[in-house]
Every structure is written in structure tokens, then in C-alpha cells.
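What follows is each chain in one-letter form.
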Amino acid sequence: MDMALVRGAFAALSLSFALAAAPACAGEVRAAVAANFSAPMERIVSLFQKETGHAVKVSLGSSGKFYAQIRNGAPYDLFIAADDELPKKLVQEGRAVAETRFVYAVGRLVLWSLQPDLVDDRGQILNRNGFSKLAIADPRLAPYGVAAKETLEKLTMWNAMQRKLVKGENITQTYQFIATENAELGFVALSQIMQDGKVTKGSWWLVPPEMHKPIRQGAVLLAGTQDAEAARAFLAFLKGDKARAVMRGYGYELP
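Values in this document were obtained by computation on a predicted structure and should not be read as measured data.

Novice: Help me out: how do you make sense of the packing of aromatic side chains in this one?
Specialist: Geometry of an aromatic ring pair is reported as the spacing of the ring centres plus the angle between the planes. In the structure shown here, the tally under the stated rule is 6 aromatic pairs. Where phenylalanine 37 meets tyrosine 104, the ring centres are 4.9 Å apart and the plane angle is 65°; that geometry is what we call edge-to-face. Here phenylalanine 37 is found in the loop between strand 1 (28–34) and helix 2 (38–52), whereas its partner tyrosine 104 is found in strand 4 (residues 102–107), with 67 residues between them in sequence. Taking relative accessible area as the criterion, tyrosine 104 reaches 2% and is therefore assigned buried. Look at phenylalanine 66 and tyrosine 76: their rings are 5.6 Å apart centre to centre, the planes differ by 85°, and that puts the pair in the edge-to-face class. Highlighted residues: phenylalanine 66 in helix 3 (residues 63–71) and tyrosine 76 in the loop between helix 3 and strand 3 (78–80), separated in sequence by 10 residues. For the pair shown, phenylalanine 66 and tyrosine 76 are each scored as buried. Members of the aromatic cluster, connected to one another through ring pairs, are Phe37, Tyr104 and Tyr252. One cation-aromatic arrangement involves lysine 164 over phenylalanine 131; the distance from NZ or CZ to the ring centre is 4.2 Å. Sitting over the ring of phenylalanine 102, lysine 239 keeps its end group 4.6 Å from the ring centre.

Here's what the structure looks like:
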């Protein structure tokens, strides 16, 4: 028997097994993700990639800016927003696939300071003059900014706070204002200060949900996606138990 032929056949057989063991048709998903969801998204993407072999390229920013970019043809496959209204608008405009839209989480707003004793558990600090700057996300761009504005309006403080407000382009920039103490306190997403079910530092007031409209965060598949199979697989994973467990650990309520 020709040993060269045997070795060649064995090598070909080994290659076929290797290809069979590799993830079939692994793709890449381009996701536009609201800034408040950055930490859980990192964990969820890691789990998804390990399980499916698909890659996920994440862009983080304000939902309002992503909406404008998508309308102008930005090449994303998924929009994972901080509200459900913008995904709904994209569906109505024919830029997203209607049957794929769903609410993946309900966010919580928190008044937070890096200083451990500044914010009390009822938010009474807002009634005192013990601070000079209050950070919020820009309500024109970020749903968490809308919720912060609604909360201040409910407290009849919106007008009085105008001179103290520092507005971030998105919730990440808002968090950075507070974390660097350029603002003594501010309204951020609970997910930014919580990990594995615990707030890691500073002082905070968890804003009661009746103070603002529910922060229902929606996801949708965008029209014209280059890899619909991988994108749909990620949306399915986002609905699953593993992703939901991650979200709970960051303080999100689940629909």
C-alpha cells in the first residue's frame, strides 16, 4: 500500500473533522447599543460568541444619535436602544423589521454620587444647597435624560435646577462627570453602579418608578442587514435565560 496516499487520505479526513467541529457559517453582527447597556452587553456578547462562534462588533452611544445615524444609512445590523420608541419609529419608517422588535429590559434610574455620604436614600439632597453641579444625560438624545427631567419636573425642581445642570451627550459621559467629581451628583442608570446585584461604591437614591415613564428598552433587527442569520441569533440569545441572568445582576427589571 502506498503510504503517501494513506497519509494524504488521513490528512484530508482530519481536516474534514476539524471543519465539522468549527462553528458553521460563523458571522459578524454590527450592533448599535445604548450606552447604559455597555457592561451587561460585554458579558452577554462573550457568552454568545462562546456558544455560537458568531462575532459581535459593538458601538456604544446615545440612542438619539444612533437613530439619526441609522436614518442616514449607518451600517448596523441591530439597534439595542434605551427606549422602545426609537426602534418603533424605525419600523414605521421601513428601516427595521417589525416582527423582530421587542422589549429586552426595563431600566432603573438612580441619583448617585461618588461621595459615600452625600446622597440619602430618599433623595432629599436635591432640596438642599449642598452641591453646585447636577449631571444628567441630554433629554434630547438619551431616554435616561428624559427620565431624569421627568423626575425633576415631578419634584417641581426642573426650572430651579437649570443653573446647576451639566448635560452629558449620553449616559456614559454623564457617569464620567460624576465619577471624576466634575459634578457632585447626578442621575445615571442603575446598571452603571451595580454589578452582580450590588452597588459597588458611593451613595445613591433609587428613583421610584412612578416618578417617570417606564424606561422600556427595545431591540430590533435593522433592514438591509448583511448577516441576518447571525443578527437574529443574537436577538434570540438576548431573550434567553443566560442573558436575562446577566441583566438582573446589573439591576434591570425584565419584561
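Novice: Please explain helix 6 (residues 171–179) as it appears in this structure.
Specialist: An α-helical segment advances 3.6 residues per turn. Residues three or four places apart therefore align on the same side. Looking at helix 6, one finds that the buried residues are Ile171, Thr174, Tyr175 and Ile178. Down the axis of helix 6, the buried set is contained in an arc of 100°. They therefore lie on one face. Looking at the buried positions of helix 6, the neighbouring elements they touch are strand 5 (109–113), strand 6 (134–137), helix 5 (143–154), strand 7 (165–168) and strand 8 (185–189). Where helix 6 begins, the capping side chain belongs to asparagine 170, and its oxygen is found 3.0 Å from the backbone nitrogen of threonine 172. One or two positions beyond helix 6, positive phi appears at glutamate 181, with a value near 60°.

Novice: Help me understand the nonpolar core in this model?
Specialist: The tendency in soluble globular proteins is for nonpolar side chains to be buried as a group. Membership of the largest hydrophobic core comes to 58 residues, with the highest contact counts inside it found for Phe37, Leu126, Leu134, Phe187 and Leu238. Among the elements that line this core, the one with the most residues is helix 7 (residues 228–238), at 6 residues. Non-local contacts of leucine 238, meaning those with residues more than four positions away in its chain, are made with Phe37, Ile44, Ile80, Phe102, Tyr104, Ala219, Ala243, Arg244 and Met247. Formed by 13 residues, the second largest nonpolar core is a distinct cluster that contains Phe66, Tyr67, Leu90 and Val91.

Parameters and conventions
- Residues numbered from 1 in each chain as written.
- Predicted model: local features only at pLDDT ≥ 70, side-chain atom pairs only at ≥ 80, totals over all residues.
- Heavy atoms only, no water.
- Phe/Tyr/Trp six-rings, centres within 6.5 Å; stacked < 30°, edge-to-face > 60°.
- Helix = DSSP H or I, 4+ residues; strand = E, 2+ residues; numbered from the N terminus.
- Buried < 20%, exposed > 50% of the residue type's maximum accessible area, 1.4 Å probe, protein only.
- Lys NZ or Arg CZ within 6 Å of the ring centre and 35° of its normal.
- Arc of directions from axis to C-beta.
- Contact = heavy atoms within 4.5 Å.
- Polar contact = N/O pair within 3.5 Å; in protein donor to acceptor, adjacent residues only side chain to side chain.
- Core = buried A, V, L, I, M, F, W, Y, C linked by side-chain atoms within 4.5 Å.

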